[in-house]
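Each chain is listed here by its residues.
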Amino acid sequence: MDLGIKGKKAVVSASSKGLGRGCAMALAEAGVDLVLNARGSAALEETAAQIRARFGVQVVTVAGDITQGQVRDAILRAAEGADILVTNAGGPPPGLWSDWSREDFIRAIDANMLTPIALMQALMPGMIARGWGRVVNITSQSVKAPIAQLGLSNAARAGLTGFVAGTARQVAPSGVTINNLLPGIHDTDRAAALDGGVVASKGISMDAARALRMADIPARRYGTAEEFGAACAFLCSQHAGFIVGQNILMDGGAINATL
Ligand code: NAP
């Protein structure tokens, strides 16, 4: 399917690895030029080089922590005319509800709520002026069903989801859509880190921790960054203009709910 977005420009934050990288790859395959970001420059440059070589699109890299204002400013300078924004950042650490301090909450809210909002506030006015735009926020299945040990994530992402629910309806008249993609477990470094926690707490092997998790997923496997990226690129396409303010779960059926 031709996604109809060849020649457009996209910002994908936190995109050297994992789900953000999957989104960047799929957008590049559709002919979209990219501004990519991550803190570590080695993996970022490697991803950028692979994308340039495979898809021939322009890729600008901005290394730095996306929660920092000066890093976002550098991204925005490179993002002149961008009509597509995919927001992403690392997820907060797991823990126990009683242990988290105010600073822990501020860090989580900054990364997983206020940073995507700041990027939307910076880039959507241009999209609105040009009458077309696509925003996809990478959130989490924890928005639909809480994961108790990820309370920082549950809290911060619920805030972003509330903001998007209202704002998506405000910008839709200008041809700008905002939607959230909610990953369940996907085979990335983040999943390996979470599984590492299970290995440590239960005293089992990594394979056993993965098997335990897969047993609870109707698809009986982890998702891939490639299929996550393909869904993201579709939401950024010309065909998705009537999908507004939705929270789309990609979890292999893990959350047992009718709606
Ligand atoms: P990942 O494999 O660990 O990749 C994270 C990417 O983001 C890397 O490129 C990392 O590069 C970059 N990054 C992290 N923090 C950053 C920051 N502050 N500023 C700029 N770049 C940053 O993670 P993932 O699995 O793709 O997860 C992406 C998001 O989806 C996370 O918020 C995660 O919590 C959420 N999620 C993932 C799953 C899953 O199963 N994978 C499930 C539910 C939700 P650097 O480290 O070099 O910065």
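Scoring rules and cut-offs
- Residues numbered from 1 in each chain as written.
- Predicted model: local features only at pLDDT ≥ 70, side-chain atom pairs only at ≥ 80, totals over all residues.
- Heavy atoms only, no water.
- Helix = DSSP H or I, 4+ residues; strand = E, 2+ residues; numbered from the N terminus.
- Rg over C-alpha atoms; globule rule 2.2 N^0.38 Å.
- Buried < 20%, exposed > 50% of the residue type's maximum accessible area, 1.4 Å probe, protein only.
- Contact = heavy atoms within 4.5 Å.
- Areas by Shrake-Rupley, 256 points an atom, 1.4 Å probe, with all protein chains shown as cover.
- Lys, Arg positive; Asp, Glu negative; His and termini not counted.
- Charge placed at Lys NZ, Arg CZ, Asp CG, Glu CD.
- Arc of directions from axis to C-beta.
- Core = buried A, V, L, I, M, F, W, Y, C linked by side-chain atoms within 4.5 Å.
- Salt bridge = Lys/Arg side-chain N within 4 Å of Asp/Glu carboxyl O.

With that out of the way, let us pick up the overall build of the protein. Counting its secondary structure elements, the protein contains eight helices and seven strands. Over its C-alpha atoms the protein spans a radius of gyration of 18 Å, differing by no more than 12% from the 18 Å that the globule rule assigns to 259 residues. With the C-alpha coordinates aligned to their principal axes, the bounding extent of the protein is approximately 55 × 40 × 40 Å. With 259 residues in all, the protein has 45% of them scored as buried. Contacts in the protein between residues far apart in sequence, at least 24 positions, make up 73% of those at least 6 positions apart. Surface summary for the protein: the accessible area is close to 12,000 Å², and the carbon and sulfur share equals 55%. Side-chain charges of the protein comprise 23 positive and 21 negative groups, with the mean position of each set lying 3 Å from the other.

Right, let's get into helix α8 (residues 225-235). The set of residues buried in α8 consists of A225, F228, G229, C232, A233 and L235. Around the axis of α8, the buried residues are gathered within 155° of arc, so they sit on the same side. Looking at the buried residues of α8, the elements they touch are α1 (18-29), β4 (84-87), β5 (133-138), β6 (176-183) and β7 (247-250).

Moving on to the nonpolar core. The biggest cluster of nonpolar side chains holds 33 residues, and the ones touching the most others in it are I5, L27, L34, I51, I84 and V86. Sorting the residues of this core by element identifies β1 (9-12), α1, β2 (33-38), α2 (41-55), β4, β5 and α8 as the ones contributing at least two each. If one sorts the elements of this core by residue count, α1 sits on top with seven residues. Counting residues in each nonpolar core, the second largest holds 24 residues, with A82, I117, L119 and L160 among its members.

Another point: the pattern of salt bridges. Summed over the entire model, instances satisfying the criterion amount to seven salt bridges. K17 serves as the salt-bridge partner of D189, at 3.8 Å between the closest nitrogen and oxygen. Here D189, found in helix α6 (residues 189-202), pairs with K17, found in the loop between β1 and α1; they are 172 residues apart in sequence, far enough to count as distant. Residue classification places K17 among the partly exposed positions, given a relative accessible area of 46%. Of the charged contacts, one joins R107 and D104 as a salt bridge, the two residues approaching to 2.9 Å between their closest N and O atoms. Highlighted residues: R107 and D104, both in helix α4 (residues 102-130), separated by three residues, approximately one helical turn.

Spatial relationships are all this shows, so hold off on functional conclusions.
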